[in-house]
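# Notes for the structure review
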Amino acid sequence: AQSVTQLGSHVSVSEGALVLLRCNYSSSVPPYLFWYVQYPNQGLQLLLKYTSAATLVKGINGFEAEFKKSETSFHLTKPSAHMSDAAEYFCAVSDQGAQKLVFGQGTRLTINP
Amino acid sequence: DSGVTQTPKHLITATGQRVTLRCSPRSGDLSVYWYQQSLDQGLQFLIQYYNGEERAKGNILERFSAQQFPDLHSELNLSSLELGDSALYFCASSVRLAEYNEQFFGPGTRLTVL
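Here goes a summary of the coordinates provided. The shown structure was predicted, so the numbers you read here are calculated from the model rather than taken from an experiment.

## A short note on the sheet that holds strand β3 (residues 19-24) of chain B
All names here are of chain B. The four strands are arranged β1-β3-β8-β7 in an open sheet whose pairing can be described as antiparallel. Single-partner strands in this sheet number two, and they are β1 (5-7) and β7 (64-68). Across the sheet, the mean angle from the axis of one strand to that of its neighbour is 15°, orientation sign disregarded. Note that β3 and strand β8 (residues 74-78) share five bridges and pair antiparallel. Bridge assignment links Val19 to a residue of β8, and that residue is Leu78.

Rendered as structure tokens:
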């Protein structure tokens, strides 16, 4: 069964600094991977997804993620953090055959002024 | 706005009661998913419907049931409620059955069981 692990339940960065949120996956088959963002009191919004077309995936709001098969990782980055990036971020893998999403525990990103 | 609507937004009820959560998928989406988000369990998949038929089940309790109607809206029924059922319940929809398809999430229903 597929699974994802997000390293760090809380990450704090200064405004303008690099954002790096870590995600490692476990899958016996080529995975489909997703990053979602959840702002307070809202639903989840897709940031980007990996579907094997390209290993470097660009998403919305300046975020991108790189799929590294050798490291079973799909880390999310943004070169320069903005106050509006403060939210909870979820990495997810699509379960083969069932189409359900298996989520990591989430990483809460705080931006310091 | 994802195009997925959920009602009600908040629900407060007592232990032992039964509630129904409603979800309307995006126009044209045939697949509906239900997820539960709680502090201790995180985001957990409950159940999936596609064009009216149940397709997959996750860790859904026997006290919970769901259905998808001909107009494609879905309802999640929670009965004999317990304190531990307090959580945020999300509905998501996607166009078709494919692992690479994005799921669009509704704003959620926050259930509080007292």
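## So, the state of the cysteines
Summed over all chains, the structure comprises two disulfides over all chains. Through a disulfide, A:Cys23 is tied to A:Cys91; the S-S separation comes to 2.0 Å. Because the torsion about its S-S bond is -60°, the bridge between A:Cys23 and A:Cys91 counts as left-handed. With A:Cys23 in strand β3 (residues 19-26) and A:Cys91 in strand β9 (residues 87-94), this residue pair connects regions lying 68 residues apart in the sequence. Take A:Cys23 and A:Cys91: they sit in the same class, and that class is buried. Through a disulfide, B:Cys23 is tied to B:Cys91; the S-S separation comes to 1.8 Å. Judged by the sign of its S-S torsion, about -50°, the cystine formed by B:Cys23 and B:Cys91 is left-handed. Placement of the pair is B:Cys23 in strand β3 and B:Cys91 in strand β9 (residues 87-94), with a sequence separation of 68 residues. Judged by relative accessible area, B:Cys23 falls into the buried class, the value being 0%. B:Cys91 sits in the buried class, given a relative accessible area of 0%.

Procedures and definitions
Residues numbered from 1 in each chain as written. Chains lettered and ligands numbered in written order. Predicted model: local features only at pLDDT ≥ 70, side-chain atom pairs only at ≥ 80, totals over all residues. Heavy atoms only, no water. Pairing = 2+ DSSP bridges. Helix = DSSP H or I, 4+ residues; strand = E, 2+ residues; numbered from the N terminus. Axes fitted to C-alpha atoms, helices over the stretch in contact; angles between N-to-C directions. Disulfide = S-S within 2.5 Å. Buried < 20%, exposed > 50% of the residue type's maximum accessible area, 1.4 Å probe, protein only.

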